Amino acid sequence: MMLLYQFPWSPYCLVQRRILEFSGARHRIVNIPPSDRSRIWKLSRQRYYQVPLLQDGKTVVFEIEDNSQVIAKYLELKLRLGLFPPQWDGLQNILWRYIESDVEGLTFKLNDAQYRLFVPQGEQMAYLRHKERKFGRGCLDSWRVNQKAHLAGLTALLAPFERMLARGPYLLDDQPRFIDFDLWGMLANFLYSGRYSLPSLQPKIRVWHRRMSRVRFADSTK
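Our subject in this report is the structure included herewith. Remember, predicted model here, so these are calculated numbers, not experimental data. Within each chain, residue numbers correspond to sequence positions counted from 1 in written order. Local features are withheld for residues below a pLDDT of 70 in this predicted model, meaning they are given only at 70 or higher, and side-chain atom pairs are given and counted only at 80 or more; totals for whole chains, interfaces and linings count all residues. Side-chain calculation: all heavy atoms of the structure are included, whereas hydrogens and water are not.

### Some words on the sheet that holds strand β1 (residues 2-6)
For step 1, the next point in the chain: Strands are labelled as partners when DSSP assigns at least two bridges between them. Only DSSP runs of H or I reaching four residues or more are called helices, and only runs of E reaching two or more are called strands; each is numbered from the N terminus. Read from one edge to the other, the open sheet built from 4 strands follows the order β2-β1-β3-β4, with strand pairing classed as mixed. Each having just a single partner strand, β2 (27-31) and β4 (59-61) make up the two edges of the open sheet. On average, each strand axis in the sheet is tilted by 20 degrees relative to the strand beside it, whichever way the strands run.
For step 2, the next point in the chain: For β1 and β2, the ladder comprises 5 bridges, and the chain directions are parallel. Residue tyrosine 5 lies in a different strand from β2, and its bridge partner there is valine 30.
For step 3, the next point in the chain: Sheet contacts for helix α1 (residues 11-23): β1, β2 and β3 (53-56); angle to β1, the most-contacted strand, approximately 155 degrees.
For step 4, the next point in the chain: Residue contacts are defined here by distance: any two heavy atoms, one from each residue, within 4.5 Å place the two residues in contact. Inter-axis angles, ranging from 0 to 180 degrees, are taken between N-to-C directions of lines fitted to C-alpha atoms, where helices are fitted over the stretch in contact. Packed on one face of the sheet, helix α3 (residues 70-79) meets β1, β3 and β4 and runs near 30 degrees to β3.

### Quick word on the pairing of β1
The side chains of a regular strand alternate between the sheet's two faces.
For step 1, the next point in the chain: Here β1 lies mainly inside the structure; 5 of its 5 residues are buried.
For step 2, the next point in the chain: Whether a crossover is right-handed depends on one test, that the path from the first strand over the helix to the second runs clockwise when the strands point away from the viewer. As a crossover connection, the stretch from β1 through α1 into β2 is right-handed.
For step 3, the next point in the chain: Where β1 and β3 come together, 4 bridges link them in antiparallel fashion. The residue of β3 that forms the bridge with leucine 4 is leucine 54. Note on exposure labels: buried denotes an accessible area under 20% of the residue type's maximum, exposed denotes more than 50%, and partly exposed covers the range between, all computed with a 1.4 Å probe on protein chains only.

Put into structure tokens, the structure is as follows:
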């Protein structure tokens, strides 16, 4: 059985969790506290301390750089899910960088602004300290104050995907590819607190999101 070590609200963990659910493969989710990465550090033999991390028997898989997609490619190789077909190779490479920089740059701020709703109370001080050391004192309050502008910015960033979905059920063709899961993960992070909803001006994304939330590999290839 595969084990996915994660924070439940992490966009990158949500991507891998959804791929595992889609695959139908036996797996288990292991949540770790944001303030204690010692289990990740030990499993990776002191090479890694971030999430997600995938353990498959004696094999431990984690990212080697910001845009490596090592875990998703490992799952593709093992389970043959059709995530990285060669005809979309270059385009997916461009799109996941846009998704994980521009889109994620706003989705995580909007979600983190509501951190008191989902970070366990005993972890909140450490979480606040971590964010302020990385993004500056008062960052979470600033993101909350500016959430209207961030929501407008996110709507603009999602507009190209709304246009892409005019052509079919998924972003590239008639099957979910890696970028579908990647965008789904960023939006799942955005929606995690329960305080937000997908833009009403982008109905195709809303339909696609519902489809991506329940699709299974066994059904998508019929």
